[in-house]
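# A structural walkthrough
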Amino acid sequence: MPKPVLTPAVRDEIARLERADIMVGIPSFKNAATIGYVVRAAQAGLVQYFPDLHPVVVNSVAGSPDGTGRVVVETEPPDYVEQILLVRPTNRLDRVSLTYPEIAGVGGKGAALRTIFEIADALHVQALVVVDSDLRSIVPEWIELLAGPILKGGYDFVAPLYARYKYDGTITNTVTYPLTRALYGHRIRQPIGGDFGVSGDLVRHYLELDDWTPDISRFGIDIWMTTSAVTGGFAVCQTRLGAKIHDPKDPGADLGPMFRQVVGTILRLAVSSADQWLPIRGSHDVPAYGFERIVEPPPLEVNTLRLLSEFSAGSLTLADTWTAMLAPTTVATVLELAAEAGRLEDAARTRLGLGGDVASTTATTLEMADAVAEFHFPDDVWARVVYDLIIAARDPKPSLETLVAALVPIYFGRVASFVIENRHVTTEQAEDRVERQAREFELLKPYLVSRWNETD
């Protein structure tokens, strides 16, 4: 079991609280503009839906210079929440904001959650709810939707089920959803959603695992939580939360580091848990809790030309690394696709009257996608790329970090293809394409198993 990371100050806070039945944990960094609303919604949800339980809200914060922790402490007191909800809870609602300690010199979302796990375990909570600090769509009902399956249904892990815009969640759509589904047989649609419910038993299981890495201390934490729950044999369900509205992220501009941490983690877990996924064929639905909601998530602009440019440029500098990590037929196809991406991107810039700086273009997603409409990155090629990387991760040369970094431009090419293919369809119709790709991962799993057995 890894050593506890709690500081003396945190232990003093635990001693003051003594015990709690239900806890909402909020990891944060520079979220003063949004976290007040998240805290108010969490407080209201605890009071409205669990008035007889002893609740606590814990904000695990990095050294945020914007005063995030102060906002948490100064947010409307629980008695105000009781007045607007006309509910009188049995127990006082406590709020705590504390600075989490780094793990082996590494800080991030995972390190923040590690502190939350240890506090939840020390307080012997029955259910822990984790929500992101930049949410703009959270409502009090989310607390019941994430904790209810644990407290009322006996589940251990509650994954979110969101309505997201067709271009949002690209790491989920292209890697974590299809790969988790194909490897472990669970159709968990949002395995890195950021908002979860966890039972006290599963919290203890997390703290007993000895596979913590620097990536898990950062954004690798969400896929680690999901995979560890599935491979640990815990009861898993999903809950319908409606639309997730948070700080938007353009895949080409913002998601590179997150991609490397998430994908590095899922690959390490795939290698270490091969005995569990090798015999699995097909997949099954995961129970969904909560009323289905008809919502239209807000749109997101994606710089398609930048994605194609990064894919093409990657082929010029990373061809040797791609050759080392991919099967010969796979790398040949990828290099052809990258060359095509470069040609189409050059022609599109001329057609749209753009200069050399694609990153600062004012062209819309639709205009850019229409200009490169011929580009197509097939589902089966992408599945083979990801499966080849699992094989390479067994004995990575060069390092796994280098291989995952080299995958980023190929991921950009796959995302660009998805945006182009779905430019004229609704979000609901685009979901059919995500499912099609996930089925392709399942159909090609024998390819992965065959290559895995060959390397044995």
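Our structure's up above, just so we're on the same page.
My aim in this report is to walk through the structure given alongside it, one point at a time. What you are looking at is a predicted structure, and each value in this text was computed from that prediction instead of being measured.

## With respect to the overall build of the chain
- Looking only at helices and strands, the chain has 20 helices and ten strands in total.
- Its C-alpha atoms give the chain a radius of gyration of 22 Å, near enough to 23 Å, the size a compact globule of 456 residues would have.
- Projecting the C-alpha coordinates of the chain onto the three principal axes gives extents of approximately 65 × 50 × 40 Å.
- Split into buried and exposed, the 456 residues of the chain put 59% on the buried side.
- Partitioning the contacts of the chain with sequence separation of at least 6, the portion at a separation of at least 24 is 84%.
- Of the accessible surface of the chain, which amounts to about 17900 Å², a share of 52% is contributed by carbon and sulfur atoms.

## Quick word on helix α8 (residues 200-208)
- The complete set of buried residues in α8 reads G200, L202, V203, H205, Y206 and L207.
- For α8, the secondary structure elements touched by its buried residues are α5 (109-122), β4 (127-130), β5 (157-163), β7 (196-199) and α9 (221-231).

## Examining helix α11 (residues 256-272)
- Counted at 1.5 Å a residue, the expected span for α11 with its 17 residues is 24 Å, and the 24 Å between its end C-alpha atoms agrees.
- Of all 17 residues making up α11, twelve are buried, and the element is well covered by its neighbours.
- Every buried residue of α11 is listed here: G256, M258, F259, Q261, V262, V263, G264, T265, I266, L267, L269 and A270.

## A look at the pairing of β5
- Among the seven residues of β5, six are classified as buried, and the element is accordingly described as predominantly covered.
- Judged from the two bridges that link them, β5 and β7 form a sheet pairing that is antiparallel. Paired with V158 across the two strands is G197, which belongs to β7.
- Alignment of β5 against strand β8 (residues 236-243), held across seven bridges, turns out to be parallel. Looking at β8, one finds that Y162 is bridged to G242.

## Some details on the packing of aromatic side chains
- For the coordinates displayed, the defined rule picks out 14 aromatic pairs.
- Aromatic side chains Y165 and Y167 sit 5.4 Å apart centroid to centroid with 85 degrees between the ring planes, which places their arrangement in the edge-to-face category.
- Owing to a relative accessible area of 17%, Y165 belongs among the buried residues under this scheme.
- For Y167, a relative accessible area of 4% puts it in the buried group.
- When the centroid spacing of 6.2 Å and the interplanar angle of 40 degrees are considered together, the rings of F311 and W322 count as tilted. Separated by eleven residues along the polypeptide, F311 in helix α13 (residues 304-317) and W322 in helix α14 (residues 319-325) bring together distant segments of the chain.
- Looking at W322, the relative accessible area reads 0%, which means it is buried.
- Through a chain of ring-to-ring contacts, the aromatic side chains of F311, W322, F375, F377 and W382 assemble into a single cluster.
- Looking at R114, its charged tip hangs above the ring of W212, at a distance of 5.1 Å from the centre.
- The ring of Y177 carries R189 above its face, with NZ or CZ at 4.8 Å from the centroid.

So, how was this worked out
Numbering of residues starts from 1 in every chain and runs along the sequence as written. Totals for whole chains, interfaces and linings use every residue, but because this is a predicted model, local features are given only for residues with pLDDT of at least 70 and side-chain atom pairs only at 80 or more, for both listing and counting. Values reported for side chains reflect all heavy atoms of the structure, with hydrogen atoms and water molecules removed beforehand. Working definition: helices are DSSP H or I runs of at least four residues, strands are E runs of at least two. Numbering for both runs from the N terminus. Taken over C-alpha atoms, the radius of gyration is set against a globule rule of 2.2 Å times the number of residues to the power 0.38. Only protein chains enter the accessibility calculation, which uses a 1.4 Å probe. A residue is then buried if its area is under 20% of the maximum for its type, exposed if over 50%, and partly exposed in between. Residues are treated as being in contact if the distance between any of their heavy atoms lies within 4.5 Å. Under the convention used here, a 1.4 Å probe and the Shrake-Rupley method define accessible areas, while residue burial counts only the protein chains that appear. Multiplying 1.5 Å by the residue count of a helix minus one yields the expected span of that helix. If DSSP finds at least two bridges between two strands, the strands pair. Geometry of aromatic contacts follows a simple scheme: Phe, Tyr and Trp rings, the Trp one being its six-membered ring, pair when their centres are within 6.5 Å, and the pair is stacked under 30 degrees between planes, edge-to-face over 60, tilted otherwise. A positively charged side chain is recorded as over a ring if its NZ (Lys) or CZ (Arg) lies within 6 Å of the ring centre. The angle to the ring normal must also be within 35 degrees.

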